[in-house]
Amino acid sequence: MTQTGDQDKGKEADKGKLVKSRRASRPKVKTGCSNCKLRRVKCDETRPQCIKCVRSGRTCDGFPAYKRAGEVVLAIAPRPNTNISPSTSPPTTTTTSNGLLPPRPVIVRKPRVIRTTPPPTPTEPTVIPFAPTVYLRGGLSFDEQEGQYFQVFRTHTANELSGFFDSEFWTRSVLQVSHTEASIRHAVVALGALYKTLEKASESPPSSPDSNNAFDTAPDHYNFALQQYGKAITRLREALQNNETRSQRNILISIVLFTCFQSFTGDHKAAISQIQHGLHLLEERRQESKQPLIRRKEDLVDDELVQIFTRLAIQAKSYDMAFHFPHPYVIRLTPAKDPSSPQTPSSPSDTASAASVETPMPDAFETSQEARSALDTICERIMRFQEALSSYYQGPNNILPASIKSSGVGFRTQLGQWAKAFEPLLEARRRPKVTNTERAGIDVLKMIHLMTTVLFLMGFSTSEMDFDNFNQTHFKPIVELAKEVVVDEELSLAQARCGKEPRCKHKERKLNGWHSNPAQFFPGLAINQPSGYREDDGYAHIKASFALDLGIVPPLFVVATKCRDRTIRRDAIKLLLASPRREGMWDSILSGRVAQWIMEIEEEGMDDFVGYGMGSMDGAAIESDRRVMVKEISFDLQRREATLRCGTRGARDGDMDPRAKETHIFW
């Protein structure tokens, strides 16, 4: 008993000592740098690098974006309270004349009365209750309205922006960074609000969900998107003014999101400037990687982000090649030595030797992603080749002399090798296990390959007559593949929206006299075509869509403006106008209207086209002296107007051109 009692007393004494040695509890500080937080030490918060990290020889990883005080914050994407009455007035904001870079908006928040905007999906007529989204400790919180738009981005917008290909950049990378980067968070919310704007603006009365929420309208969603975009710009400026450490990866992601927003709203000039800035940062990164410097882990840029900028550069370059933008809105793939002066042209021999370097090509592609990466590489190298030689030879409309055509023979070989390796995927696209999205992606890759082949070979020709060589081998397959994409999309949407209905109400829109006026709802994107193509061709369920990647619009535009087969050309124009979509900066309605104007000029004086071989001149060829090419297109997608100029292929600016014409169009 005595021994046991002594042991108990010893334990109590030890316990008392432990209690006395505990540290005093103090409120935790959450504003230190990331490195000090990880080490659980108090940070002195010196910017841009804290003294504690510098003295200990560690790299200070910077300070996470702060959370503004005074705002009502809840968990990300909370479950909306349906008992709350939306009686508060919507947030007010002031925008600039073009509405692209609004100043910091003035938002009045009432903690006890929160305006909710439940985002219904196109297929559900009721309000969808949102489940809370789990986010990392120390991440940014969203208020209720921002959380709902974030949920829209996560469940709908991310997949839409990916286009016809799965992309972890949108479904994973952007979502992760948005929890710690305030400017990216606001940009993501803005894109979610734009998606809701497009959904509400393109909604037809037969399918409109019953909603008692007075704020669930396209103008409200659009104004909120502008406010969030303004917050993203403001937060980015604050970070730069405070010298906050930002990784190159996060900066590039911000540029992609801003480019996406500007393309969505129709500001192609700002989008091109963003892309050029991103390419400049990547070029600086390439130069720095050649130096033996120790780089921070956060400065590493993943391959997928580099591929995204490669595709954005191809997109912007193809846009310029089609519409012929003036400086400074001409994208450059090769960096200039002196930013204030044009780039010094490289020698033709150097450019030709670069073209002879073959891109590694397998015997057969295993996946469409592998084929896509290989095609992107070929397209970028072709555009760099043409850009370098155009700056050297200074030909009309950037047309290269036929005498140097042999210098690009390597690219023609690579395009042929790609087509051979892609053939197994193309033939297997209708198999049962292939999804509609995968099938559409395969179709789009083949269309872009055919378009690239035509434009590369015709880059050495000054005659529009040479395009006739591609009518059956390239132009017709492009139209057939595009029809496959659009028809599959129409059937899929019809099954999802009206599969259980005895009668499809969407096909009765024309009989009911319903016509949309999208200009009052959503500046920048035409929701419906200006003619009756959709009803005639049965595309009643396809809504206006937006994706950042290229799809069917650029290849169809090439066919519609360069193919003089009257049947194939009209099919291409119908597809452009019947399925309104914007793919990056490429707008299908604008492209279709431009092609219509070119067709009317070239077919002036010919008999009307009847179709099915019944017209006397349905198969007639357009004479050489009637053919024109697009010289310049100056347009404003937000106001839906454009000035078009056309003329003779090969004619230089300033020369007398009897075929030169100009017009102004609205849509």
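The coordinates are above.
This report concerns the structure included in the present document. (Residues numbered from 1 in each chain as written. Predicted model: local features only at pLDDT ≥ 70, side-chain atom pairs only at ≥ 80, totals over all residues. Heavy atoms only, no water.)

**Some details on the overall build of the protein**
Next up, step 1: When its secondary structure is counted, the protein shows 19 helices and six strands.
Next up, step 2: Here the protein holds 667 residues, and 52% of them are scored as buried.
Next up, step 3: For the protein, the exposed area adds up to about 32900 Å²; of that, 52% sits on carbon and sulfur atoms. (Helix = DSSP H or I, 4+ residues; strand = E, 2+ residues; numbered from the N terminus. Buried < 20%, exposed > 50% of the residue type's maximum accessible area, 1.4 Å probe, protein only. Areas by Shrake-Rupley, 256 points an atom, 1.4 Å probe, with all protein chains shown as cover.)

**Focus on the environment of aspartate 320**
Next up, step 1: If you trace the backbone, aspartate 320 turns up in helix 10 (residues 303–323).
Next up, step 2: Taking the relative accessible area as the measure of exposure, aspartate 320 reaches 8% and is therefore buried.
Next up, step 3: Distance from aspartate 320 to isoleucine 272, taken between C-alpha atoms, is 9.8 Å for residues 48 residues apart in sequence.
Next up, step 4: In contact with aspartate 320, other than residues within four places in its own chain, are Phe325 and Val330. (Contact = heavy atoms within 4.5 Å.)

**A short note on the sheet that holds strand 3 (residues 586–587)**
Strands in a sheet are paired, the pairing made by backbone hydrogen bonds, and the direction either parallel or antiparallel.
Next up, step 1: The sheet built from three strands is open, its strands ordered 1-2-3 with mixed pairing. If you trace the sheet from one side to the other, it starts and ends with strand 1 (545–547) and strand 3, each paired once.
Next up, step 2: Where strand 1 meets strand 2 (residues 581–583), three bridges bridge the pair, whose relative direction is parallel. Paired with phenylalanine 546 across the strands is arginine 582, a residue of strand 2. (Pairing = 2+ DSSP bridges.)

**Quick look at the pattern of salt bridges**
Next up, step 1: Counting across every chain of the model gives 27 salt bridges.
Next up, step 2: Between glutamate 464 and arginine 649 there is a salt bridge, with its nearest N and O atoms 3.3 Å apart. Highlighted residues: glutamate 464 in the loop between helix 14 (436–458) and helix 15 (471–498) and arginine 649 in the loop between strand 5 (641–647) and strand 6 (661–666), separated in sequence by 185 residues.
Next up, step 3: Judged by relative accessible area, which is 11%, arginine 649 ranks as buried.
Next up, step 4: The closest approach of N and O atoms between arginine 581 and glutamate 489, which form a salt bridge, is 3.0 Å. Residue arginine 581 is found in strand 2, and its partner glutamate 489 is found in helix 15; the two are separated by 92 residues along the sequence.
Next up, step 5: On the basis of relative accessibility, which here comes to 5%, the residue arginine 581 falls in the buried class.
Next up, step 6: Salt bridges sharing common partners tie together Arg429, Arg430, Arg439, Asp443, Glu484 and Asp488. (Salt bridge = Lys/Arg side-chain N within 4 Å of Asp/Glu carboxyl O.)

**What to know about the packing of aromatic side chains**
Next up, step 1: Applying the stated criterion across every chain, the model contains 20 aromatic pairs.
Next up, step 2: Ring-pair connections join several aromatic residues into one group, and the members of that group are Tyr319, Phe323, Phe557, Trp586 and Phe635. (Phe/Tyr/Trp six-rings, centres within 6.5 Å; stacked < 30°, edge-to-face > 60°.)

**Some remarks on the nonpolar core**
For soluble globular proteins, the rule of thumb is that nonpolar side chains tend to be buried together.
Next up, step 1: Of all hydrophobic cores here, the largest spans 139 residues; its most connected members are Trp170, Leu191, Phe323, Trp418 and Leu556.
Next up, step 2: At 12 residues, helix 14 tops the list of elements feeding residues into this core.
Next up, step 3: With residues near it in sequence (within four places) discarded, leucine 191 still touches Phe153, Thr157, Leu161, Trp170, Leu257, Cys260, Phe261 and Phe264.
Next up, step 4: Formed by six residues, the second largest nonpolar core is a distinct cluster that contains Cys36, Cys43, Cys50 and Cys60. (Core = buried A, V, L, I, M, F, W, Y, C linked by side-chain atoms within 4.5 Å.)

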